[in-house]
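# Close look at the chain arrangement
One letter stands for each residue in the lines below.
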Amino acid sequence: MGVDLGDLLERENIEIKDLSGRWIAVDAFNTLYQFLSIIRQQDGTPLRDGSGRTTSHLSGILYRMTNLLEAGAKVAFVFDGDPPSFKRETLDQRAETRSRAEEMWERAKEEGLPGFKYAQASSRLGEEMIADSKRLLDAMGIPVVQAPSEGEAQAAFMAIRGDVDLVASQDYDALLFGAPKVVRNMAVTGKRKLPGKNVYVDVMPEVISLDKELSRLGIERRQLVEIGIMCGTDYNEGLRRVGPKTALKLIREHGDLERALMARCETIESAAEIRGLFLDPPVTDDYVIETKKPDAEKILRFLCDERDFSPERVDKAVKRLQEAVKVGQSTLDKWF
DNA sequence: CGCGAACA
DNA sequence: TGTTCGCGG
């Protein structure tokens, strides 16, 4: 998913407490999808309420955001609008991959074989899950921003304007959209299980700074976008046997995408339009980000009465949340 | 993933 | 006080 520029970019490890006092625009789709695919039972079934509605994402939002806010961070969630037309093929492909994974999961269950990875791959973020997420975030006092198109583009725009300090996403796309700083692995606990075996590794939050990387690589943002396009994005397939390293070499050698493609006698359909989409995406300045007090009653009613969460656990989280917001506001008061 | 009980 | 592990919904 997204542009795979990981091999090209240097990251700076940080700690959650370094995010204190910072505004973070969270790529909602990316984060919720992560929750949905990872917060599951041993057999791969996501957490569900009594009526069978999925609740993994709500658990993720409640506890992780409480932790972040407790660490002093300020958070806004940015939701996707309509996908660009160029994304159609990618979306169709993902739908197909999902339904194949669904079949494999069914088969694994019938034969009593482990099917966790198929369950993960069949994750689908439904409309009701999106609505539930917005409802919980609102009750928690976390601002929700609706992007006209790509959430990462909107989040990057907010960061460029200085309304937020960082964009949070596992993908690198926000950098191509111009986000000055992207934070990845924004989890609280360090240890994470490796996909394959029962091996645990330390996963630290990390920040990638766009300007720093551009000057280190000796390229401009436009060229980084072109490197992404050569490797493949959500909007195009990319050249065969060309990864980030090769693409960087080609762009350095030839200066821009058109010349690099010409030199290799290759073409990429709609390359110029896709580059334009990254450099000047549809975004809006019609958003408000301000921290509100969490509505304890709303959170408890929703999660406990409607989604079968444990009142004890939710109550505990809500108390921490209220304390975090109170502390955050009084800290702010000291400055003004 | 994150919580919290159990355990060292 | 720190780590492990099963459950949460």
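Residues numbered from 1 in each chain as written. Chains lettered and ligands numbered in written order. Predicted model: local features only at pLDDT ≥ 70, side-chain atom pairs only at ≥ 80, totals over all residues. Heavy atoms only, no water.

To be explicit about the condition: UniProt positions are given in the numbering used here, feature names are shortened, and annotations may be inferred rather than shown by experiment.
The name an unreviewed UniProt entry assigns to chain A is Flap endonuclease 1, from the organism Candidatus Methanocrinis natronophilus. Looking at chain A in UniProt, the text filed under Sequence similarities (unreviewed entry) is "Belongs to the XPG/RAD2 endonuclease family. FEN1 subfamily." UniProt, in its Subunit (unreviewed entry) section for chain A, records the words "Interacts with PCNA. PCNA stimulates the nuclease activity without altering cleavage specificity."

### Quick look at the side chain of aspartate 27
Our working definition: The helix count covers DSSP runs of H or I at least four residues long, the strand count covers runs of E at least two residues long, and both are numbered beginning at the N terminus. Only protein chains enter the accessibility calculation, which uses a 1.4 Å probe; a residue whose area is less than 20% of its type maximum is buried, one above 50% is exposed, and one in between is partly exposed. We treat Lys and Arg as the positive residues and Asp and Glu as the negative residues; His and chain ends play no part in the count. Basic side-chain nitrogens of Lys or Arg form a salt bridge, by our definition, when they fall within 4 Å of a carboxyl oxygen of Asp or Glu. We call two residues in contact when some of their heavy atoms are within 4.5 Å.
Mapped onto the elements, aspartate 27 comes out in strand E2 (residues 23-27). Despite its burial, aspartate 27 pairs with no opposite charge, the nearest such side chain being lysine 87 at 8.3 Å. Apart from the residues within four sequence positions on either side, aspartate 27 is in contact with Val78, Glu152, Ala168 and Ser169.

### As for the UniProt feature "binding site: Mg(2+) 1" (unreviewed entry) in chain A
Sequence positions flagged by UniProt for "binding site: Mg(2+) 1" (unreviewed entry) are, in local numbering, Asp27, Asp80, Glu150 and Glu152. Spatial clustering of the annotated residues is evident: they stretch over 126 residues in sequence, but the largest pairwise C-alpha distance comes to 9.4 Å. Residue placement: aspartate 80 occurs in the loop between strand E3 (74-79) and helix H3 (88-110). For aspartate 80, a relative accessible area of 28% translates into the label partly exposed. When residues no more than four places from it in sequence are discounted, the contact partners of aspartate 80 are Phe29, Gln146, Ala147, Ser149, Glu150, Gly151 and Glu152.

### As for the protein's contact with DNA strand C
Filter applied, for reference: The rule for a residue being near a molecule or strand is that one of its heavy atoms must lie within 4 Å of it. Under this definition, polar contacts are N or O atom pairs within 3.5 Å; protein pairs additionally need one hydrogen-donor-capable and one acceptor-capable atom, and for neighbouring residues in sequence, both atoms have to be side-chain atoms. Amino acids are sorted into nonpolar (Ala, Val, Leu, Ile, Met, Phe, Trp, Tyr, Cys and Pro), charged (Asp, Glu, Lys and Arg) and polar (every other residue, Gly among them).
Near DNA strand C, the surroundings consist of Arg40, Gln41, Pro46, Leu47, Arg48, Thr55, Ser59, Arg307, Asp308, Phe309, Ser310 and Arg313. Within 4 Å of the protein, atoms of DNA strand C come from sugar and phosphate in 46% of cases. Taking proline 46, its main chain carries an N or O atom lying 3.2 Å from a base nitrogen of DNA strand C. Between serine 310 and DNA strand C, the recorded distance is 2.9 Å, taken from a backbone N or O atom to a phosphate oxygen. Residue composition of the surface near DNA strand C, grouped by class: 3 nonpolar, 4 polar and 5 charged.

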